[in-house]
Amino acid sequence: MSAHSHVDGQLPHEPEKATLEGRNKVLAFWLFLGGETVLFGTLFSVYLALRGQVLEGNPSANELFDLPLVAAATFILLTSSLTSVFAIQAMHRNNVKSMINWLIVTVALGLGFLVLEVYEFIHYLHMGHGFTTSAFSSSFYTLVGFHGAHVILGVVWISLLIGQVYKKGLNTVTAPKIYVAGLYWHFVDVVWVFIFTVVYLMGKVG
Amino acid sequence: MAHGHTVKRYTGIMDWITTVDHKKIGILYLIAGGFFFLIGGLEAILIRIQLWQPMNDFLSADMYNQVLTMHGTTMIFLAAMPILFALMNAIVPLQIGARDVAFPFLNSLGFWTFLFGGLLLNISWFAGGAPNAGWTSYVPLASPVYSDTHGVDFYVIGLQISGIGTLIGGINFLVTIINMRAPGMSFMRMPMFTWSIFVTSALILFAFPALTVGLAALMFDRLFSANFFNPEMGGNAVLWEHIFWIFGHPEVYILILPAFGIISEVIATFSRKRLFGYSSMVFATVLIGFLGFMVWAHHMFTTGLGPVANALFSIATMLIAVPTGIKIFNWIFTMWGGSITFNSANLYAIGFVPTFVMGGVTGVMLAAAPADYQYHDTYFVVAHFHYVIVGGLVLGIFAGLHYWWPKMFGKMLNETLGKITFWTFYIGFHLTFFVQHFLGLMGMPRRIYQYLDGLGFNQMNLISTIGALLMGIGSILFVVNIIVTSRSKEKLGADPWGDGRTLEWTIPSPPPEYNFLQTPLVRGFDALWKEKMDGNKTVTPAEPVGPIHMPSPSILPFFMSVGLFIGGFGFMYHQYIIGGVGLLITFTCMILRSLYDDHGYHIEVEELEKGVKA
Amino acid sequence: MAGNHSNTAAEGKGKRHRVEGPQKHIVAYIFSILLTVLAFATVAAGEINSTFTYILLVVMAALQVFVQMSFWMHMKDRGHLLPIIGIFFGVFVVFTCVVMAEFWVWW
């Protein structure tokens, strides 16, 4: 019951589920992701409803999107999802050093993704595709921007967790936090899969 | 390990600001929700005074719009939901035999974000005008073009902040009910109130994110000139209606399901009978929750979605009458053959049943899409939703408050006053809203601030206003009852009704901060009643007496909410530095929370034994 | 504290546990990359019926997400019934939203 029974001894396998507090946290986070699914689903449906609403003289989705850039961003984010899996696996092996290294790789890849996204947005602004240009542009920036904000939050969050684990070590209090951040990162990746499919690829098709 | 920690324990006002105890948070929700209920009630009285005679000019047209909008918004988001949160905080952990909720810190955060969101919304009165586009805030009326005060900005930001609190509460109670039940308390042994809160929390989890997106989009339109709902720039006004009701329809089930739960508990207790058809009740609750996500467009029949959509949503809506009917029959069969006590709690519960049936019947009438073209936007709709929300939810809340008051405060509400309150409120309610059905059928549109003489609306509007005043008197009498009760010196035992069926009646009233000295062992549905029938005085403990771990109090939730409040203000007036500072406060508090582990403290056995004697 | 039925399975599993290697995660990764490349290639090639392309793209995205959630988020493992229910109900609500956006906003 107590959160502290394992601090001195060997960490149990799956330390994130060793305490009731940890199990509560993991379950609550899964439920939160269920809510996030609805959040992004609503954003997607807003985008789907408004994606054809390009005003005369403004660039359409087909003219805007640059597939190689999106492909690069996709590759980076997918890889970061894999490295966060490796971090959790390292945590399950109780290998703190390896875990921290994989988390640093994950954060670095997340930053790389953000750099590409910022570059992309600036590029669009130069093409005359601003937030207030049309209903299409508003819904595009809101959907992709909400995802980008999630990536920023994830990068900051995981960075802070790295510092925390570096100081406190891995225990039944820190392990659930790392595990939950990993789930979050996968979820952000999953949302991106639908963004590149629905926004970019479908935008290129029609 | 944690035994060594000394945790600062506050007293007085600091105790209330820093508390993470679900029972105290429940009381805070009750005070705040009650306060907003009185404000919303005052607004209702103003509306009815304006409408008591034709061409009245007590309120100006714009003031009427503000009062009307704030009445709806306040009652739904700041009165009804918080009072339900009050009851679920105070009772659900006790009903499942838990010492606390899963996340005491988040529980406190949920309350403070709700409160500061609600305060932000109400500050609009003093900052150039309250929101005035109706509680549904339909565009283009709510767009910057047609609503050029800051009113709707307060609506979007205030609701966004208080929505965070609601979402947190929903997740917290889902996890609490899933993970924190006492040994033996299987899902199908959970009391009906807990079940209804479980389903309600799930609805909150899946419905509120849609509102978040809708409010964010409207905020972007208003503050940052986005074009979601602006047809000139390719936006679409119908989209807002869809998003609002995708959230809004589950929201009304979020409101009514807990009332169903309360009524199930009260009627079973005061009929001295097991709830009839428990498993069908559970099934009906889950089914209503599920169907609640597939009926939103019945609010939009006249929008012109076409015959296919209207037919689909019409049928889906009528389907909901089936599980609701199951519940009505179950309550009647629970009372059938029982030895019924007609105290105030049960009067509210029994009064609920026919009133809610009336609201349900008009609901099915409205669900018939062709007929809805006649009813839409008339007082018939106003009568319908007040029958389900006041006649359903508010009567349920009053029943629950009378029933659980002794558990929450250790004192019984005055019965005589309670009965007078009930009759005043109940008669007032039917006077107010029954005639509105006919006003609607005669063609009186809703949301108008004046009507002409000679249309035949005069008498019924007068009757309606008199009824509203009676409801106002009833509400004041309830406050008087609270004051009278709080002055009494009586001390109640664990089971003051004598017929308690569930676990909350096995512990002292009010419960100690750790709720259960020993976690109970649950041997069946209605755990306490089962033990009583087996000849035992109380439930068997599942563990020996030992030190109890408690979470430490924290001021951080308060400051996080203050930060959001300041941030919301800053963004509304385009003062981005102030907005940034507000968000910075919130994020700093979050980081502090993450960095400093909350080890809590233990209440040792000696201290526990002292507590039991007192 | 007992009563957490969903997680008792996870505890019992610990005893039989072997430290899982990275292989299947790498396989999932390669699978995801392949699907992504295929999706981009389909669009880059162009000149295919657009309705068919839409369906193909969504199916490939769903497949990829299914694999990632099963393996990387461990949804295939025991003790994940509630997460599955939660996510699926979210997906259900999203489905209604998408139907709304496609059919009932413009007509």
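Remember, predicted model here, so these are calculated numbers, not experimental data.

So, how was this worked out
- Residues numbered from 1 in each chain as written.
- Chains lettered and ligands numbered in written order.
- Predicted model: local features only at pLDDT ≥ 70, side-chain atom pairs only at ≥ 80, totals over all residues.
- Heavy atoms only, no water.
- Axes fitted to C-alpha atoms, helices over the stretch in contact; angles between N-to-C directions.
- Helix = DSSP H or I, 4+ residues; strand = E, 2+ residues; numbered from the N terminus.
- Parallel < 35°, antiparallel > 145°, perpendicular 65-115°, else oblique.
- Left-handed = near helix turned anticlockwise from the far one by under 90°.
- Nonpolar A, V, L, I, M, F, W, Y, C, P; charged D, E, K, R; others polar.
- Contact = heavy atoms within 4.5 Å.
- Buried area = accessible area lost by both parts, 1.4 Å probe.
- Salt bridge = Lys/Arg side-chain N within 4 Å of Asp/Glu carboxyl O.
- Polar contact = N/O pair within 3.5 Å; in protein donor to acceptor, adjacent residues only side chain to side chain.
- Patch = residues over 30% accessible without salt bridge, like charges linked within 9 Å, V, L, I, M, F, W, Y side chains within 5 Å.
- Areas by Shrake-Rupley, 256 points an atom, 1.4 Å probe, with all protein chains shown as cover.
- Buried < 20%, exposed > 50% of the residue type's maximum accessible area, 1.4 Å probe, protein only.
- Core = buried A, V, L, I, M, F, W, Y, C linked by side-chain atoms within 4.5 Å.

Caption draft 1: Quick peek at the packing of helix H5 (residues 135-168) of chain A against helix H6 (residues 174-205) of chain A. Residue and element names in this part refer to chain A. Two numbers describe how H5 lies on H6: the axes approach to 10 Å, and their chain directions differ by 160°. Taken as axis vectors, H5 and H6 run roughly antiparallel relative to one another. Between H5 and H6 lies a crossing of left-handed hand. When the residues that make up the contact of H5 with H6 are grouped by side-chain class, the tally is 21 nonpolar, 5 polar and 1 charged.

Caption draft 2: Examining the interface of chain B and chain C more closely. Taken together, the 24 residues of chain B in the interface contact 20 residues of chain C. Between chain B and chain C, a total of about 2,000 Å² is buried, with carbon and sulfur atoms accounting for 76% of that surface. Along the contact surface separating chain B from chain C lie 0 salt bridges. Where chain B packs against chain C, one counts 2 residue pairs in polar contact (both at pLDDT 80 or more).

Caption draft 3: Representation of a nonpolar patch on the surface within the structure. On the surface, Ile-152, Val-156 and Leu-160 of chain A together with Ile-591, Leu-592, Leu-595 and Tyr-596 of chain B cluster together into a nonpolar patch covering about 600 Å² of accessible area. For the nonpolar patch, the secondary-structure elements that each account for two or more residues are H5 of chain A together with helix H17 (576-595) of chain B. Residue position: Leu-160 of chain A is located in helix H5. With relative accessibility at 36%, the residue Leu-160 of chain A sits in the partly exposed group.

Caption draft 4: Highlighting the nonpolar core. Judged by nonpolar contacts, the single largest core of 267 residues is most densely connected at Phe-65, Phe-140 and Tyr-200 of chain A together with Trp-331 of chain B. In terms of residues, this core owes the most to one element, helix H7 (residues 237-271) of chain B, which gives 22 residues. The contacts of Trp-331 of chain B, once residues within four sequence positions are left out, are Phe-260, Ile-263, Ser-264, Ile-267, Leu-275, Met-281, Phe-352 and Val-353 of chain B. If you look at the next biggest cluster of nonpolar residues, it comprises 14 residues, including Ile-47, Leu-59, Leu-439 and Met-444 of chain B.

Caption draft 5: Up close: the environment of Gln-575 of chain B. The residue Gln-575 of chain B is located in the loop between helix H16 (556-572) and H17 in this model. Sequence separation between Gln-575 of chain B and Val-545 of chain B is 30 residues, and the spatial gap between their C-alpha atoms is 56 Å.

Caption draft 6: Expanded view of the interface of chain A and chain C. If you look at the interface, chain A gives 48 residues, while chain C gives 51 residues. In total, about 4,300 Å² of surface goes out of reach between chain A and chain C, with carbon and sulfur atoms giving 77% of it. In terms of surface lost to chain C, no three residues of chain A exceed Arg-23, Trp-30 and Leu-78 of chain A, which account for 14% of the buried area on that side. Our count for the chain A to chain C interface comes out at 0 salt bridges. Across the chain A-chain C interface, the total number found is 5 residue pairs in polar contact (both at pLDDT 80 or more). Elements with a contribution of two residues or more to the side of chain A that touches chain C: helix H1 (20-50), helix H3 (67-92) and H6 of chain A. Looking at the side of chain A that touches chain C residue by residue, the class counts come to 27 nonpolar, 14 polar and 7 charged.

Nothing here speaks to function; it is geometry throughout.
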